[in-house]
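# Structure assessment
So you can see what is in the structure, the chains are spelled out below.
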Amino acid sequence: EAGVAQSPRYKIIEKRQSVAFWCNPISGHATLYWYQQILGQGPKLLIQFQNNGVVDDSQLPKDRFSAERLKGVDSTLKIQPAKLEDSAVYLCASSLDSGDSYNEQFFGPGTRLTVL
Amino acid sequence: AQSVTQPDIHITVSEGASLELRCNYSYGATPYLFWYVQSPGQGLQLLLKYFSGDTLVQGIKGFEAEFKRSQSSFNLRKPSVHWSDAAEYFCAVGARSNDYKLSFGAGTTVTVRA
């Protein structure tokens, strides 16, 4: 079974530029998560999708971050404009479903973003 | 709010020696507790989880963890470390009332010396 795919694996940009990350979850997984992992910290949830609807985006800096999951499969996370403090690894995870019962989250390898 | 503290930023252990990683949590209700491992360039992989029942849980790769409610702890152990166990380890807490959303600790980096 293929895992969660993410691209690109690495990205270097200058501040005020824009960047986009792509995630393809495990086939059949309804729930998709984007996490931000700053060096020396644990992952922090940015946004959670259930199919193509947003379940939780309370931690997403909406003035510069946006995310979409058209058709309920692939997802894109965008930052525009980027700031130095956005340098981090962006992890995508997916699970069968969310809600009343626990479903394990499976993580992709992440995209390492460096903002200069 | 739920939170997790991993007191040790970095641990160095000799190959074949035992390993224990500490995790303390803060949560008002019964927590769901997890340990993940992240190898360089890899995503997080679930080692084990505790929801209820036996407080000593077994996971993959020879790891185990013990839930101690009185100490609000969920420490991870391995009796004999292999060089391939060098990685970063994250403790996380979730709750059914919060749709099992995960709050992660800052992680502990494990270095294994020959």
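The model shown is predicted, which means the values in this text are computed figures rather than measured ones.

## Details of the nonpolar core
Within the largest apolar cluster, 26 residues are counted, with the highest numbers of intra-cluster contacts made by W35, L48, F74, L76 and Y89 of chain B. Listed by contribution, the elements that provide at least two residues to this core are β2 (10-14), β3 (19-21), β5 (32-38), β6 (44-50), β8 (64-68), β9 (73-78), β10 (87-94) and β12 (108-113) of chain B. It is β10 of chain B that contributes the most residues to this core, four residues altogether. Leave out the neighbours within four places in its chain, and Y89 of chain B touches Q6, L21, W35, Y36, V37, L47, F63, L76, G107, T108 and V110 of chain B. Counting 21 residues, the second-largest nonpolar core is a separate cluster that includes W34, A82, L113 and V115 of chain A.

## Some points on the packing of aromatic side chains
By the definition in use, this model includes 21 aromatic pairs over all chains. For the pair Y102 of chain A and Y100 of chain B, a centre-to-centre distance of 5.8 Å together with 70 degrees between the ring planes defines the contact as edge-to-face. Here Y102 of chain A is found in the loop between β9 (88-95) and β10 (106-107), whereas its partner Y100 of chain B is found in the loop between β10 and β11 (103-104) on a different chain. Comparing Y102 of chain A with Y100 of chain B, the two get one shared label, buried. An aromatic cluster of at least three residues, connected via ring pairs, comprises Y33, Y35, Y102 and F107 of chain A together with Y32, F34, Y36, F51, F90, Y100 and F104 of chain B.

## Notes on the pattern of salt bridges
Residue and element names in this part refer to chain B. Counted under the stated rule, the structure contains seven salt bridges over all chains. The residue D8 makes a salt bridge to R22 at a minimum N-O spacing of 2.9 Å. Residue D8 is found in the loop between β1 (3-5) and β2, and its partner R22 is found in the loop between β3 and β4 (24-26); the two are separated by 14 residues along the sequence. Residue R22 is classed as partly exposed on the basis of its relative accessible area of 38%. As a salt-bridge pair, R77 and E64 come within 3.3 Å of each other at their nearest N and O atoms. One end of the pair, R77, is in strand β9; the other, E64, is in strand β8, with 13 residues separating them in the sequence. Salt bridges linked by common partners bring E64, E66 and R77 together as one network.

## Some thoughts on the state of the cysteines
Throughout the structure, instances matching the rule amount to two disulfides over all chains. Note on cysteine connectivity: C23 of chain A is disulfide-linked to C92 of chain A, with sulfurs 1.9 Å apart. Handedness of the C23 of chain A-C92 of chain A disulfide follows from its S-S torsion of about -70 degrees: it is left-handed. In this pair, C23 of chain A sits in strand β3 (residues 19-24) while C92 of chain A sits in strand β9, placing the two residues 69 residues apart along the sequence. Exposure class is identical for C23 of chain A and C92 of chain A. Each is buried. One disulfide bridge connects C23 of chain B with C91 of chain B, the sulfur atoms lying 2.0 Å from each other. Taking the torsion about the sulfur-sulfur bond, which here is approximately -65 degrees, the covalent link between C23 of chain B and C91 of chain B counts as left-handed. Taken together, the positions of C23 of chain B in the loop between β3 and β4 and C91 of chain B in strand β10 put the pair 68 residues apart, joining distant regions of the chain. As far as the burial class goes, C23 of chain B and C91 of chain B line up, both buried.

## Notes on the side chain of Q6 of chain B
All names here are of chain B. By the element assignment, Q6 lies in the loop between β1 and β2. A distance of 3.0 Å separates a polar atom in the side chain of Q6 from the backbone nitrogen of C91. A polar contact of 3.1 Å, which involves the side chain of Q6, links it to the backbone nitrogen of G107. Sequence-distant contacts of Q6, defined by excluding residues within four places in its chain, comprise R22, W35, Y89, F90, C91, G105, A106, G107 and T108.

## Focus on the pairing of strand β5 (residues 44-50) of chain A
Residue and element names in this part refer to chain A. The buried fraction of β5 amounts to five of the seven residues, a majority that puts the element mostly inside the structure. One ladder, built from six bridges, connects strand β4 (residues 31-37) with β5; its direction is antiparallel. What sits directly across from W34, in β5, is I47. Between β4 and the antiparallel strand that follows it, β5, lie six residues; G40 among them carries a positive phi value of about 85 degrees. Pairing geometry for β5 and strand β6 (residues 53-56), over three bridges, is antiparallel. The residue bridging Q50 from the neighbouring strand is G53, located in β6. Between the end of β5 and the start of β6, which pair antiparallel, lie two residues, with N51 showing a positive phi angle near 55 degrees.

Cut-offs applied
- Residues numbered from 1 in each chain as written.
- Chains lettered and ligands numbered in written order.
- Predicted model: local features only at pLDDT ≥ 70, side-chain atom pairs only at ≥ 80, totals over all residues.
- Heavy atoms only, no water.
- Core = buried A, V, L, I, M, F, W, Y, C linked by side-chain atoms within 4.5 Å.
- Buried < 20%, exposed > 50% of the residue type's maximum accessible area, 1.4 Å probe, protein only.
- Helix = DSSP H or I, 4+ residues; strand = E, 2+ residues; numbered from the N terminus.
- Contact = heavy atoms within 4.5 Å.
- Phe/Tyr/Trp six-rings, centres within 6.5 Å; stacked < 30°, edge-to-face > 60°.
- Salt bridge = Lys/Arg side-chain N within 4 Å of Asp/Glu carboxyl O.
- Disulfide = S-S within 2.5 Å.
- Polar contact = N/O pair within 3.5 Å; in protein donor to acceptor, adjacent residues only side chain to side chain.
- Pairing = 2+ DSSP bridges.

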